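Residues per chain are reported as follows:
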Amino acid sequence: QVQLVETGGGLVQAGGSLRLSCAASGRTFSSIPMGWFRQAPDREREFVATISWSGGVTYYSDPVKSRFTISRDNAKNTVYLQMNSLKPEDTAVYYCAAGSALQSVQAVAVNPQYWGQGTQVTVSS
């Protein structure tokens, strides 16, 4: 089992930046793909970005391309989401997710296996 804990959410003005962190438990972290999802009020949860176990392959949704960057530090068992040029429409609860060792980054975007508790990101205008 993989346990995930997100931190770094908060309130930021439009155009600002935030960095979310996701701390994962266990030595399996370095062998599994990871991802970020978000859910705005009265909206379905949507894929944001995923990253391969090695960090060498990433996959982004169209709304966040060129603004968000997913990365990981396996030595620290941590995945990051750097969010720049934030817009009010980015306001949502952001969830860290993990896949299985056999999943591609595209597969994790569709069918993640584990979830964190979520952290609120609010972008004001």
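Look up a bit, the structure's there.
Residues numbered from 1 in each chain as written. Predicted model: local features only at pLDDT ≥ 70, side-chain atom pairs only at ≥ 80, totals over all residues. Heavy atoms only, no water.

Enquirer: Give me the lowdown on the side chain of T50, citing residues and values where you can.
Expert: Along the chain, the position of T50 falls in strand β5 (residues 46–51). You can call T50 buried: its relative accessible area is 0%. A polar atom in the side chain of T50 sits 2.9 Å from the backbone oxygen of V105. (Helix = DSSP H or I, 4+ residues; strand = E, 2+ residues; numbered from the N terminus. Buried < 20%, exposed > 50% of the residue type's maximum accessible area, 1.4 Å probe, protein only. Polar contact = N/O pair within 3.5 Å; in protein donor to acceptor, adjacent residues only side chain to side chain.)

Enquirer: Go over the environment of S71 with me, naming the residues and quoting the values.
Expert: When you line up the elements, S71 lands in strand β7 (residues 68–73). Given a relative accessible area of 31%, S71 falls into the partly exposed group. C-alpha separation for the pair S71 and G55, spaced 16 residues apart in sequence, amounts to 6.6 Å. Among all residues touching S71, those that are not within four sequence positions of it are I51, T78, V79 and Y80. (Contact = heavy atoms within 4.5 Å.)

Enquirer: Give a detailed account of the environment of P88, specifying residues and quantitative values.
Expert: Here P88 shows up in the loop between β8 (78–83) and β9 (92–98). Overall, P88 belongs to the partly exposed group, its relative accessible area being 37%. Through-space distance from the C-alpha of P88 to that of Q13 is 8.3 Å; in sequence the pair is 75 residues apart. Excluding anything up to four places from it in sequence, P88 contacts A14, V123 and S125.

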